[in-house]
Amino acid sequence: MTLASPSPAATLADPAAPLLDFRNVAMTFPNGTTALSGVDLVVQRGEFVSVVGPSGCGKSTLLRIASGLESASEGTATVNTDRIGYVFQDATLLPWRDVRSNVELLAELNWQPKRVRTPKAQWAIDLVGLNGFEKHLPKQMSGGMKMRASLARSLTLDPELFLFDEPFGALDEITRERLNDELLKIFVEQKFGGLFITHSVSEAVYLSTKVVVMSGRPGHLVDTFEVPFDMPRDPEIRYTGEFARLVGEVSHALREGHS
Ligand SMILES: Nc1ncnc2c1ncn2[C@@H]1O[C@H](COP(=O)(O)OP(=O)(O)OP(=O)(O)O)[C@@H](O)[C@H]1O
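This section reports on the structure supplied with the text. (Residues numbered from 1 in each chain as written. Predicted model: local features only at pLDDT ≥ 70, side-chain atom pairs only at ≥ 80, totals over all residues. Heavy atoms only, no water.)

### Considerations on the overall build of the protein chain
No. 1: Helix and strand content of the protein chain: eight helices and nine strands.
No. 2: Here the protein chain has a C-alpha radius of gyration of 18 Å; the compact-globule value for 259 residues is 18 Å, and the two agree.
No. 3: Projected onto its principal axes, the C-alpha coordinates of the protein chain cover approximately 50 × 45 × 35 Å.
No. 4: Counting every position in the protein chain, which comprises 259 residues, the buried fraction comes to 51%.
No. 5: Put simply, 75% of the contacts in the protein chain that link residues at least 6 apart link residues at least 24 apart. (Helix = DSSP H or I, 4+ residues; strand = E, 2+ residues; numbered from the N terminus. Rg over C-alpha atoms; globule rule 2.2 N^0.38 Å. Buried < 20%, exposed > 50% of the residue type's maximum accessible area, 1.4 Å probe, protein only. Contact = heavy atoms within 4.5 Å.)

Structural data, given as structure tokens:
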């Protein structure tokens, strides 16, 4: 699903400030479960940060706090924009709407007039490679196409901060790699800040400018890796020794943080 944030925990107006700035963020739910503790995390404009960590360590909770859907129980969670895109693993398109009207949905809910939202939706449809499929219903689309439509729906709001909760987790390997390349192309063009949750270390390294590794619950950051490969990223980088080495280092940190 794609969302525009209602209102993040705190917002600043300073354009030089990081898009997202978490300091010592902790989250304990009313039932006593502590999902996060002492999380410090910054996402700057033009940074693509992936988070990897064991199941249940609080990754989705982190995104929900960033989006304003949850409030941190301790620390400060500052988001320096109200233009937030949110893409979930499930594309959650409305089954009775075709691609075009699904993509227009958020703009419609944001009261954008049709003369503005229709060309904007077409721009987003073109950007994600769904040109020619505007009249297709979700039941006529593959998982990859639905995810493209979900991305396009969020792009209509020109997000400055894009939150991704395992968007490609349910897709086959080839479709996932293709969508990774398309997302990177959009990232390079649109220059948003990205916060991307994934269980795939190689996906994290391929997409990101920075990979952070979380410990088991309560989740906190145990390691950060700067990714040295240039943007736009050459797909062939995936098959190099340098790439494999970095994937190995992140996987090792993940295992250490888990034990
Ligand atoms: N609303 C809630 N109330 C109580 N506990 C919750 C709530 N939401 C999440 N939790 C718990 O907080 C912990 C972190 O959940 P979260 O979904 O953030 O983890 P995750 O790292 O995204 O997991 P996964 O990788 O399996 O998707 C889990 O133990 C989960 O059961």
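### Quick word on the site of the ligand
No. 1: The local shell around the ligand holds 14 residues, among which S55, G56, K59, S60 and T61 are the closest.
No. 2: G58 is positioned with one of its backbone polar atoms (N or O) 3.0 Å from an oxygen atom of the ligand.
No. 3: R217 places a side-chain nitrogen or oxygen 3.1 Å from an oxygen atom of the ligand.
No. 4: Against a free-state accessible area of 640 Å², the protein chains account for coverage of 64% of the ligand.
No. 5: Considering each element in turn, the shell around the ligand owes the most residues, three residues, to helix α1 (residues 59–67).
No. 6: In terms of residue class, the shell around the ligand is made up of four nonpolar, eight polar and two charged. (Near = heavy atom within 4 Å. Polar contact = N/O pair within 3.5 Å; in protein donor to acceptor, adjacent residues only side chain to side chain. Areas by Shrake-Rupley, 256 points an atom, 1.4 Å probe, with all protein chains shown as cover. Nonpolar A, V, L, I, M, F, W, Y, C, P; charged D, E, K, R; others polar.)

### Examining the nonpolar core
No. 1: Membership of the largest hydrophobic core comes to 48 residues, with the highest contact counts inside it found for F48, F164, L183, F192, V205, V211 and V250.
No. 2: Each residue touching L183, except ones within four places of it in the same chain, is listed here: F48, L151, F164, F168, F192, F196 and L207.
No. 3: Counting residues in hydrophobic clusters, the runner-up holds 28 residues, among them L19, V39, V79 and I84. (Core = buried A, V, L, I, M, F, W, Y, C linked by side-chain atoms within 4.5 Å.)

### Points about the packing of helix α5 (residues 143–155) against helix α6 (residues 173–190)
No. 1: Running from N to C, α5 and α6 cross one another at 15°; their axes reach a closest spacing of 11 Å. It follows from the interaxial angle that α5 and α6 lie roughly parallel. Seen from above, α5 lies across α6 with right-handed handedness. Residues G144, M147, R148, L151 and L155 of α5 form the contact with α6, whose participating residues are T175, R178, L179, E182, L183, I186 and Q190.
No. 2: Residue classes in the contact of α5 with α6 are distributed as six nonpolar, three polar and three charged. (Axes fitted to C-alpha atoms, helices over the stretch in contact; angles between N-to-C directions. Parallel < 35°, antiparallel > 145°, perpendicular 65-115°, else oblique. Left-handed = near helix turned anticlockwise from the far one by under 90°.)

### Description of the pattern of salt bridges
No. 1: Considering all chains together, one arrives at eleven salt bridges under this definition.
No. 2: Residue R176 pairs with E203 through a salt bridge whose shortest N-O separation is 2.9 Å. Here E203 lies in helix α7 (residues 201–207) and R176 lies in helix α6, a separation of 27 residues in the sequence.
No. 3: One salt-bridge network, held together by shared partners, links E104, K114 and R117. (Salt bridge = Lys/Arg side-chain N within 4 Å of Asp/Glu carboxyl O.)

### Considering the packing of aromatic side chains
No. 1: Across all of its chains, the model carries twelve aromatic pairs by this definition.
No. 2: Here the aromatic rings of F229 and F243 are separated by 6.1 Å at their centres, their planes lie at 35°, and the arrangement is tilted. With a gap of 14 residues between them, F229 in the loop between β9 (221–226) and α8 (241–258) and F243 in helix α8 connect regions that are remote in the sequence.
No. 3: The exposure class of F229 is buried, given its relative accessible area of 9%.
No. 4: Cation over ring: K120 sits above W123, and NZ or CZ is 4.5 Å from the ring centre. (Phe/Tyr/Trp six-rings, centres within 6.5 Å; stacked < 30°, edge-to-face > 60°. Lys NZ or Arg CZ within 6 Å of the ring centre and 35° of its normal.)

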